[in-house]
Amino acid sequence: MTDRITNPTPARAADKDIRTSWTRARLIEPSASGFVHIGASSGAWRTPVVLPRARRRKILDAMHVAAAELLSDPRVTRADVFEAFIRPPGRRPHGPGRDVPDADFDAVLLVETTDVHGAEEVLREATVTGLQAELDRTAQRSLVFAGSNARRIARVDHERQGVFLFNYFSADDVDTNLYAWQYTAGWFQDETGLDNSTVLQPTESGKAPYSLVNHCRWDHMSDVMPSLVFKPSFRKFVLRTFAEHRVAARPIFYRLHRAN
């Protein structure tokens, strides 16, 4: 495959100043870590902004209890809780050629383990299965899977607050998803200063309805949102690249949620 992907649609006169190609994202070796993703929806969203909800507070509290327990497991290196606050532009919620549910997870517990095998083991531990049972009672739906790191720009910093993205992708196959992602990630590096990303790929034992989940971070909303709203190349390149490769994207922005 090529080192550059180009928008094949002829530019109109109004688009003549819009850059239409980007090189692949600049990557480092994927991490050997494993991951357990535990996402929960407290209910449907009617607006892009996530409004306060008592059910979400209960879900976040349960996630913090589970995170504290998991950190005592020698296989677990991190356990961080995130609360959604807005859906950014760029959603293509319908899966290509199949019925893939929309992503409306307003609370996420992301667990990092020493390796992928450890993630698959932790997935079956009582703390995770107990949390999943609790989410079955309190959440509208949940997404729990073990994953590996398929691609990486750099480690995502969970030590500091920021704007964290979880982007839930579906595609006809993982390779096509990764091919489209590596060029759109190149756009984000160039246009938003993105310097980190960890792409999660569900394992066979941790199957999920999504082909990949991209996770990354910016310091401030002003680092990323203006590019999504005001730069024509976001629509002309990023969204078109996803459309032409039949990749559906469901991005959500989160903040780190601290235990009370």
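Rules used throughout
- Residues numbered from 1 in each chain as written.
- Predicted model: local features only at pLDDT ≥ 70, side-chain atom pairs only at ≥ 80, totals over all residues.
- Heavy atoms only, no water.
- Buried < 20%, exposed > 50% of the residue type's maximum accessible area, 1.4 Å probe, protein only.
- Helix = DSSP H or I, 4+ residues; strand = E, 2+ residues; numbered from the N terminus.
- Pairing = 2+ DSSP bridges.
- pLDDT = per-residue confidence, 0-100.
- Contact = heavy atoms within 4.5 Å.
- Expected span 1.5 Å × (residues − 1).
- Arc of directions from axis to C-beta.
- Polar contact = N/O pair within 3.5 Å; in protein donor to acceptor, adjacent residues only side chain to side chain.
- Axes fitted to C-alpha atoms, helices over the stretch in contact; angles between N-to-C directions.
- Parallel < 35°, antiparallel > 145°, perpendicular 65-115°, else oblique.
- Left-handed = near helix turned anticlockwise from the far one by under 90°.
- Nonpolar A, V, L, I, M, F, W, Y, C, P; charged D, E, K, R; others polar.

> Sorry, what's going on with the pairing of strand β8 (residues 197-202) here?
Each regular strand shows side chains that alternate between the opposite faces of the sheet. Counting buried positions along β8 yields five of six residues, so the element is predominantly enclosed. Note: β8 against strand β9 (residues 212-218), three bridges, orientation antiparallel. Among the inter-strand pairings, L200 is bridged to a residue of β9, identified as V213.

> Please explain the confidence of the model for the chain as it appears in this structure.
The predicted coordinates should not be examined in detail at positions where pLDDT is low. Looking at the chain as a whole, the pLDDT averages 91, with 90% of positions reaching at least 70. Here residues 8-18 is a poorly scored stretch, pLDDT under 50, and it has eight contacts once near neighbours within four places are set aside; other chains count.

> Even after reading the chapter, I still don't get helix α3 (residues 126-138), so can you show me in this structure?
Note that an α-helix has 3.6 residues per turn; residues three or four places apart therefore point the same way. Here α3 contains 13 residues, and its C-alpha end-to-end distance of 18 Å stays within 8% of the 18 Å for a straight helix at 1.5 Å per residue. Restricting attention to buried positions, one finds in α3 the residues T127, V128, L131, L135 and T138. Buried positions in α3, seen along its axis, are confined to an arc of 95° and lie on one side of it. Along α3, exposed side chains directed more than 90 degrees from the buried face belong to A126, D136 and R137. Against β3 (34-41), α1 (54-70), β5 (107-113), α2 (116-123) and β6 (141-154) lie the buried residues of α3.

> Would you explain α2 in this entry?
If you check which residues of α2 are buried, you get G118, A119, E120, V122 and L123. Contact partners of the buried residues in α2: β3, α1, β4 (76-86), β5, α3 and β6. Backbone nitrogen of H117 and a side-chain oxygen of the N-cap are separated by 3.4 Å at the start of α2; the cap is D115.

> Explain the side chain of S170 here, please?
Along the chain, the position of S170 falls in the loop between β7 (163-169) and α4 (174-192). Of the polar contacts made by the side chain of S170, one reaches the side chain of R250; its length is 3.0 Å.

> Would you mind showing me how to read the side chain of R87 here?
As for its position among the elements, R87 is in the loop between β4 and β5. A relative accessible area of 16% places R87 in the buried class. A distance of 3.1 Å separates a polar atom in the side chain of R87 from the backbone oxygen of A103.

> Any chance you could explain the packing of α4 against helix α6 (residues 232-244) here in plain terms?
Two measures define how a pair of helices packs: the angle their axes make with one another and the distance between the axes. Their axes nearest at 9 Å, the elements α4 and α6 cross at an angle of 165°. Between α4 and α6, the interaxial angle falls into the category roughly antiparallel. Considering how the two elements wind past one another, α4 and α6 form a crossing that is left-handed. Taken together, the residues of α6 that come into contact with α4 (itself represented by A180, Y183, T184, W187 and F188) are S233, F234, F237, V238, T241 and F242. Counted by class, the contact of α4 with α6 contains eight nonpolar, three polar and no charged residues.

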